[in-house]
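Examination of the molecular architecture
Below are the chains, spelled out letter by letter.
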Amino acid sequence: MIFSQTWDWDSLETLSVPAAELPAHLERLVGQDPDERSRAGRLLYCEVANQGHLYSAAAPCVDALTHLARTGTPLTPQAVSLLESILNARNASARAGLEGGSVDVADYSRGEILAALPELLGHADGSDAEYFREVCYLIPQLADSSDEVVGFLRKSVSTLEGELRRVASEALEEAEEVVEEGHMP
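The present account deals with the structure reproduced in this document.

Scoring rules and cut-offs
- Residues numbered from 1 in each chain as written.
- Predicted model: local features only at pLDDT ≥ 70, side-chain atom pairs only at ≥ 80, totals over all residues.
- Heavy atoms only, no water.
- Axes fitted to C-alpha atoms, helices over the stretch in contact; angles between N-to-C directions.
- Helix = DSSP H or I, 4+ residues; strand = E, 2+ residues; numbered from the N terminus.
- Parallel < 35°, antiparallel > 145°, perpendicular 65-115°, else oblique.
- Left-handed = near helix turned anticlockwise from the far one by under 90°.
- Contact = heavy atoms within 4.5 Å.
- Nonpolar A, V, L, I, M, F, W, Y, C, P; charged D, E, K, R; others polar.
- Phe/Tyr/Trp six-rings, centres within 6.5 Å; stacked < 30°, edge-to-face > 60°.
- Buried < 20%, exposed > 50% of the residue type's maximum accessible area, 1.4 Å probe, protein only.
- Pairing = 2+ DSSP bridges.
- Core = buried A, V, L, I, M, F, W, Y, C linked by side-chain atoms within 4.5 Å.

What follows concerns the packing of helix H2 (residues 34-48) against helix H4 (residues 77-88). Taken N-terminus to C-terminus, the directions of H2 and H4 make an angle of 15°; their axes are 9 Å apart at the nearest point. With respect to H4, the axis of H2 lies roughly parallel. Between H2 and H4 lies a crossing of right-handed hand. Of the residues in H4, those in contact with Pro34, Arg37, Ser38, Gly41, Leu44, Tyr45 and Val48 of H2 are Gln78, Leu82, Ser85 and Ile86. Class assignment of the residues belonging to the contact of H2 with H4 gives a composition of six nonpolar, four polar and one charged.

This paragraph deals with the packing of aromatic side chains. The way to describe two aromatic rings as a pair is by their centre distance and the angle between their planes. In the structure shown here, the tally under the stated rule is three aromatic pairs. Ring geometry for phenylalanine 3 and tryptophan 9: centres 5.3 Å apart, planes at 75°, overall edge-to-face. On the basis of relative accessibility, which here comes to 28%, the residue tryptophan 9 falls in the partly exposed class.

Our next topic: the sheet that holds strand E1 (residues 7-8). The three strands are arranged E1-E2-E3 in an open sheet whose pairing can be described as antiparallel. Each having just a single partner strand, E1 and strand E3 (101-104) make up the two edges of the open sheet. Across the face of the sheet, helix H5 (residues 105-123) comes into contact with E1, strand E2 (95-98) and E3 while running at roughly 75° to E3.

We now examine unusual backbone geometry. A positive phi angle is found at glutamine 51, which is not glycine, with a value near 50°. Of note, glutamine 51 is situated in the loop between H2 and helix H3 (58-70). Under the relative-accessibility criterion, glutamine 51 is labelled exposed at 73%.

Take the nonpolar core next. Within the largest apolar cluster, 65 residues are counted, with the highest numbers of intra-cluster contacts made by Leu65, Leu75, Ile139 and Leu153. A total of eight residues in this core trace back to one element, the largest contributor, which is H3. Those residues in contact with isoleucine 139 that sit more than four places away from it in its chain are Leu117, Leu121, Val149, Phe152 and Leu153.

This is the structure we're talking about:
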(Lines give C-alpha, C1' and ligand atoms only; values in the text may rest on other atoms or scores of the structure.)
Protein backbone atom coordinates (compact mmCIF):
# COMPACT_ATOMS: atom_id res chain seq x y z
CA MET A 1 0.00 0.00 0.00
CA ILE A 2 1.38 3.35 -1.00
CA PHE A 3 1.07 6.39 1.26
CA SER A 4 1.83 9.89 0.00
CA GLN A 5 2.94 10.95 3.49
CA THR A 6 5.38 9.46 6.00
CA TRP A 7 3.25 8.68 9.06
CA ASP A 8 4.39 8.40 12.66
CA TRP A 9 2.73 5.06 13.37
CA ASP A 10 3.39 5.40 17.11
CA SER A 11 1.12 8.48 17.19
CA LEU A 12 -1.92 6.35 16.29
CA GLU A 13 -2.77 5.64 19.89
CA THR A 14 -6.30 4.28 19.39
CA LEU A 15 -5.36 1.33 17.18
CA SER A 16 -6.42 -2.10 18.35
CA VAL A 17 -4.38 -3.80 15.60
CA PRO A 18 -0.65 -3.31 15.09
CA ALA A 19 0.02 -0.28 12.89
CA ALA A 20 2.15 -2.46 10.61
CA GLU A 21 -1.02 -4.38 9.65
CA LEU A 22 -2.93 -1.33 8.36
CA PRO A 23 -1.44 -1.47 4.84
CA ALA A 24 -2.45 -5.14 4.45
CA HIS A 25 -6.01 -4.38 5.56
CA LEU A 26 -6.16 -1.43 3.15
CA GLU A 27 -4.93 -3.65 0.31
CA ARG A 28 -7.72 -6.14 1.04
CA LEU A 29 -10.21 -3.24 1.12
CA VAL A 30 -9.37 -2.36 -2.49
CA GLY A 31 -8.73 -5.93 -3.63
CA GLN A 32 -10.69 -8.24 -5.91
CA ASP A 33 -12.24 -10.58 -3.32
CA PRO A 34 -15.62 -9.17 -2.14
CA ASP A 35 -15.57 -11.17 1.12
CA GLU A 36 -12.08 -9.91 1.95
CA ARG A 37 -13.17 -6.33 1.11
CA SER A 38 -16.14 -6.62 3.47
CA ARG A 39 -14.03 -8.05 6.32
CA ALA A 40 -11.36 -5.38 5.83
CA GLY A 41 -14.03 -2.67 5.71
CA ARG A 42 -15.54 -3.78 9.02
CA LEU A 43 -12.14 -4.02 10.70
CA LEU A 44 -10.96 -0.65 9.39
CA TYR A 45 -14.23 1.02 10.35
CA CYS A 46 -13.52 0.06 13.97
CA GLU A 47 -10.03 1.55 13.67
CA VAL A 48 -10.94 4.89 12.04
CA ALA A 49 -14.51 5.98 12.77
CA ASN A 50 -16.27 3.55 15.07
CA GLN A 51 -19.78 4.60 16.10
CA GLY A 52 -19.25 8.14 14.84
CA HIS A 53 -16.05 8.74 16.81
CA LEU A 54 -13.07 9.72 14.65
CA TYR A 55 -9.73 8.09 15.43
CA SER A 56 -6.20 9.04 14.45
CA ALA A 57 -5.76 6.07 12.07
CA ALA A 58 -8.29 7.72 9.75
CA ALA A 59 -5.63 10.09 8.41
CA PRO A 60 -3.21 7.48 7.00
CA CYS A 61 -6.15 5.41 5.71
CA VAL A 62 -7.53 8.45 3.87
CA ASP A 63 -4.02 9.19 2.60
CA ALA A 64 -3.64 5.72 1.11
CA LEU A 65 -7.13 5.56 -0.43
CA THR A 66 -7.12 9.05 -1.92
CA HIS A 67 -3.59 8.51 -3.23
CA LEU A 68 -4.86 5.42 -5.07
CA ALA A 69 -7.82 7.36 -6.48
CA ARG A 70 -5.67 10.29 -7.62
CA THR A 71 -3.24 7.94 -9.36
CA GLY A 72 -6.01 6.29 -11.38
CA THR A 73 -6.93 3.24 -9.31
CA PRO A 74 -10.72 3.06 -8.92
CA LEU A 75 -11.74 2.54 -5.31
CA THR A 76 -14.09 -0.22 -4.25
CA PRO A 77 -17.53 0.51 -2.80
CA GLN A 78 -16.20 -0.59 0.58
CA ALA A 79 -13.34 1.93 0.37
CA VAL A 80 -15.76 4.74 -0.49
CA SER A 81 -17.98 3.64 2.40
CA LEU A 82 -14.99 3.89 4.74
CA LEU A 83 -14.28 7.44 3.50
CA GLU A 84 -17.92 8.33 4.10
CA SER A 85 -17.72 6.98 7.66
CA ILE A 86 -14.66 9.10 8.27
CA LEU A 87 -16.40 12.25 7.01
CA ASN A 88 -19.39 11.50 9.26
CA ALA A 89 -17.29 10.93 12.38
CA ARG A 90 -16.46 13.60 14.93
CA ASN A 91 -13.59 14.15 17.34
CA ALA A 92 -12.23 17.66 17.65
CA SER A 93 -8.97 16.53 19.20
CA ALA A 94 -7.91 13.64 16.95
CA ARG A 95 -4.40 14.16 15.63
CA ALA A 96 -2.05 11.95 13.64
CA GLY A 97 1.70 12.31 13.51
CA LEU A 98 3.59 12.95 10.32
CA GLU A 99 7.29 13.16 9.77
CA GLY A 100 8.05 16.59 11.17
CA GLY A 101 4.68 17.38 12.76
CA SER A 102 1.08 16.33 13.04
CA VAL A 103 -2.30 16.97 11.40
CA ASP A 104 -5.84 17.47 12.62
CA VAL A 105 -7.42 14.23 11.43
CA ALA A 106 -10.82 15.70 10.49
CA ASP A 107 -9.35 18.62 8.51
CA TYR A 108 -6.74 16.47 6.83
CA SER A 109 -9.28 13.79 5.86
CA ARG A 110 -11.79 16.27 4.44
CA GLY A 111 -9.08 18.06 2.45
CA GLU A 112 -7.71 14.85 0.97
CA ILE A 113 -11.15 13.53 0.05
CA LEU A 114 -11.96 16.86 -1.63
CA ALA A 115 -8.67 16.67 -3.54
CA ALA A 116 -9.61 13.19 -4.84
CA LEU A 117 -13.23 14.14 -5.58
CA PRO A 118 -12.78 14.50 -9.36
CA GLU A 119 -11.45 10.95 -9.56
CA LEU A 120 -14.14 9.57 -7.24
CA LEU A 121 -16.86 11.20 -9.34
CA GLY A 122 -15.19 10.13 -12.58
CA HIS A 123 -15.55 6.48 -11.65
CA ALA A 124 -19.18 6.91 -10.54
CA ASP A 125 -20.75 6.62 -13.96
CA GLY A 126 -23.49 4.24 -12.87
CA SER A 127 -21.87 1.13 -14.36
CA ASP A 128 -21.12 -0.18 -10.85
CA ALA A 129 -24.35 0.42 -8.95
CA GLU A 130 -22.83 -0.32 -5.54
CA TYR A 131 -19.94 2.12 -6.09
CA PHE A 132 -22.33 4.78 -7.41
CA ARG A 133 -24.57 4.37 -4.36
CA GLU A 134 -21.61 4.73 -1.95
CA VAL A 135 -20.39 7.86 -3.76
CA CYS A 136 -23.91 9.32 -3.43
CA TYR A 137 -23.77 8.69 0.33
CA LEU A 138 -20.31 10.29 0.55
CA ILE A 139 -20.54 13.45 -1.50
CA PRO A 140 -23.42 15.48 -0.01
CA GLN A 141 -21.16 16.19 2.97
CA LEU A 142 -18.76 17.92 0.59
CA ALA A 143 -21.34 20.12 -1.16
CA ASP A 144 -20.44 23.19 0.87
CA SER A 145 -16.85 22.93 -0.39
CA SER A 146 -17.32 21.74 -3.98
CA ASP A 147 -19.63 22.90 -6.75
CA GLU A 148 -18.77 19.65 -8.56
CA VAL A 149 -20.96 17.69 -6.15
CA VAL A 150 -24.25 19.37 -7.01
CA GLY A 151 -23.42 19.38 -10.73
CA PHE A 152 -22.57 15.68 -10.68
CA LEU A 153 -25.79 14.83 -8.87
CA ARG A 154 -27.95 16.99 -11.16
CA LYS A 155 -26.44 15.30 -14.20
CA SER A 156 -26.96 11.86 -12.61
CA VAL A 157 -30.61 12.61 -11.86
CA SER A 158 -31.16 13.73 -15.45
CA THR A 159 -29.38 10.79 -17.11
CA LEU A 160 -29.87 7.75 -14.89
CA GLU A 161 -32.98 5.68 -14.33
CA GLY A 162 -34.54 3.50 -11.64
CA GLU A 163 -32.76 2.89 -8.36
CA LEU A 164 -29.65 4.88 -9.32
CA ARG A 165 -31.75 7.91 -10.21
CA ARG A 166 -33.57 7.64 -6.85
CA VAL A 167 -30.26 7.44 -4.96
CA ALA A 168 -28.85 10.40 -6.90
CA SER A 169 -32.04 12.39 -6.31
CA GLU A 170 -31.91 11.80 -2.54
CA ALA A 171 -28.22 12.75 -2.47
CA LEU A 172 -28.97 15.88 -4.50
CA GLU A 173 -31.64 16.91 -2.01
CA GLU A 174 -29.15 16.50 0.86
CA ALA A 175 -26.39 18.30 -1.07
CA GLU A 176 -28.66 21.25 -1.82
CA GLU A 177 -29.53 21.48 1.89
CA VAL A 178 -25.82 21.47 2.73
CA VAL A 179 -25.19 24.29 0.25
CA GLU A 180 -28.10 26.25 1.68
CA GLU A 181 -27.46 25.60 5.39
CA GLY A 182 -23.70 24.99 5.38
CA HIS A 183 -23.86 21.57 7.09
CA MET A 184 -25.48 18.15 6.86
CA PRO A 185 -29.13 18.13 7.96
